[in-house]
Amino acid sequence: MKKLTVVFLFICLTFELSAQSFYNRRIERQWIASFGTGTAKYFGDLANSGEIFQSTRYNLEAGLEYRFNPRISARTALTYFRIHGDDKDASSDGRSVRNLSFVGNNFELSAVGIVQLFEETGRYYQRPIINVNVFAGIALLYFQPKAEIPATDHNGNALADAGKMTGLRQYQTELVSYGPVTLAIPFGIGVKFKISPFINVGVNGGYRYTFTDYLDDISTVYPGEGAFSDPLAQALSDRRPEIGLPVLEEGHIRGNPDNKDGYFMFSIRGEYYLPPNIFGGSGRNRGRGPKRPRYKGGKRR
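Parameters and conventions
- Residues numbered from 1 in each chain as written.
- Predicted model: local features only at pLDDT ≥ 70, side-chain atom pairs only at ≥ 80, totals over all residues.
- Heavy atoms only, no water.
- Helix = DSSP H or I, 4+ residues; strand = E, 2+ residues; numbered from the N terminus.
- Contact = heavy atoms within 4.5 Å.
- Salt bridge = Lys/Arg side-chain N within 4 Å of Asp/Glu carboxyl O.
- Buried < 20%, exposed > 50% of the residue type's maximum accessible area, 1.4 Å probe, protein only.
- Phe/Tyr/Trp six-rings, centres within 6.5 Å; stacked < 30°, edge-to-face > 60°.
- Lys NZ or Arg CZ within 6 Å of the ring centre and 35° of its normal.
- Pairing = 2+ DSSP bridges.
- Patch = residues over 30% accessible without salt bridge, like charges linked within 9 Å, V, L, I, M, F, W, Y side chains within 5 Å.
- Areas by Shrake-Rupley, 256 points an atom, 1.4 Å probe, with all protein chains shown as cover.

1. Some thoughts on the environment of Gly205
Then, number 1: Following the sequence through the fold, Gly205 ends up in strand 9 (residues 199-210).
Then, number 2: Remark: the alpha-carbon pair of Gly205 and Pro186, spanning 19 residues in sequence, is separated by 10.0 Å.
Then, number 3: Among all residues touching Gly205, those that are not within four sequence positions of it are Phe135, Gly188, Ile189, Phe264, Met265 and Phe266.

2. Points about the pattern of salt bridges
Then, number 1: Per the stated rule, a full pass over the model turns up twelve salt bridges.
Then, number 2: With a shortest N-O distance of 3.3 Å, Glu65 and Lys192 are connected by a salt bridge. Taken as a pair, Glu65 in strand 2 (residues 57-67) and Lys192 in strand 8 (residues 181-194) lie far apart in primary sequence, 127 residues in all.
Then, number 3: Two residues, Arg98 and Asp87, come together in a salt bridge whose shortest N-O distance is 2.9 Å. Taken together, the positions of Arg98 in the loop between helix 2 (93-96) and strand 4 (101-116) and Asp87 in the loop between strand 3 (72-86) and helix 2 put the pair eleven residues apart, joining distant regions of the chain. Assigned by exposure class, Arg98 and Asp87 land together as buried.
Then, number 4: Beyond isolated ion pairs, a larger network of salt bridges with shared partners links Glu61, Glu65, Arg75, Lys192, Arg269 and Glu271.

3. Here we look at the packing of aromatic side chains
Then, number 1: One pass over the full model with this rule turns up 14 aromatic pairs.
Then, number 2: Each ring, one from Tyr66 and one from Phe68, has its centre 5.1 Å from the other, and the planes form 75°; the classification is edge-to-face.
Then, number 3: Among the residues examined, Tyr66 registers a relative accessible area of 22% and is labelled partly exposed.
Then, number 4: Judged by its relative accessible area of 54%, Phe68 falls in the exposed class.
Then, number 5: Look at Phe143 and Tyr178: their rings are 6.0 Å apart centre to centre, the planes differ by 5°, and that puts the pair in the stacked class. In this pair, Phe143 is assigned in the loop between strand 5 (130-142) and strand 6 (145-148) and Tyr178 in the loop between strand 7 (165-167) and strand 8, connecting sequence segments 35 residues apart. In this pair, the class of Phe143 matches that of Tyr178, namely buried.
Then, number 6: Taken together, the ring pairs connect Tyr124, Tyr125, Phe198 and Tyr273 into an aromatic cluster.
Then, number 7: The cationic tip of Lys41 hangs over the ring face of Phe43; the distance from NZ or CZ to the ring centre is 5.8 Å.
Then, number 8: Lying over the aromatic face of Tyr222, Arg254 brings its terminal NZ or CZ to 5.7 Å of the ring centre.

4. What to know about the pairing of strand 6
Then, number 1: Residues Pro145 and Ala147 point to one face of strand 6 and are all buried, whereas Lys146 and Glu148, pointing to the other face, are not buried.
Then, number 2: By the bridge criterion, two bridges tie strand 4 to strand 6 in an arrangement that is antiparallel. Residue Val103 lies in a different strand from strand 6, and its bridge partner there is Lys146.
Then, number 3: Two strands pair when backbone bridges link them, and strand 6 and strand 7 are joined in this way by three bridges, in the antiparallel orientation. In the sheet register, Lys146 faces strand 7, and the bridge partner there is Gly167.

5. Examining a nonpolar patch on the surface
Then, number 1: A grouping of Leu78, Phe107, Leu109, Ile138, Leu140, Tyr142, Val181, Leu183, Phe187, Tyr209 and Phe211 is seen on the molecular surface, where their side chains present a nonpolar patch of about 1,000 Å² in accessible area.
Then, number 2: Sorting the residues of the nonpolar patch by element identifies strand 4, strand 5 and strand 8 as the ones contributing at least two each.
Then, number 3: By secondary structure assignment, the location of Leu183 is in strand 8.
Then, number 4: Under the relative-accessibility criterion, Leu183 is labelled partly exposed at 40%.

Next comes the structure, spelled out in structure tokens:
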């Protein structure tokens, strides 16, 4: 995290010097590029109720925002984030004896609308020192829950690649086929701090409601030992034998299908107001006010 912070500060300084050297700050700027990092927290069948910081992992994001007017803007972002859940961290005996766990390396492509609490009147560099905003939108989520391959199957036979991580979706541990992509609804709140005419630092927190219950590969019931022909799929579906407990019969509760999985992301990002000609436009007269009168033959036209 310290290395990422140093790199981020270096990029901000480079942008600031470049902007002062080559671009007139009076020209209005509508596009804002951003880069950030923070934390990701998963909520689902492997999360403890009431635990805020347990099993927290990290995120990395890059985004582009467009200002429509002094209060409303839209932002699209690509975020990589890691989430985690483990019954070993559970506070209840019923959870700990289930012995399930997962790790997810996921990607989110989001588009959100943003409403500022205070209007950014005047030119972009005259914006408030501090502003609060709320956001909501839609996202496309790619998720792939993984788990560690057990040492042996249910019969005590050694499994190949024991200890390595493997994707769970392919084994259909509940005999349910689900895809790696789902929709999500992001919403939350943020605060922006102006640190120069061209740069903001933003602090944002937002929850994502998803349309899947398989971020963690857990949702309904145990299919039973006889439902699998693959010993590895059988071992990944019911991991109780790894801690000396018997397998569970078909239909025994494995998860709760009534609530979809979700995740919360907290991010700190740097935002840079891009030059007006960054996408090909000249931007020569943008934000400069009315043109001066021209003269011909000593008379004002």
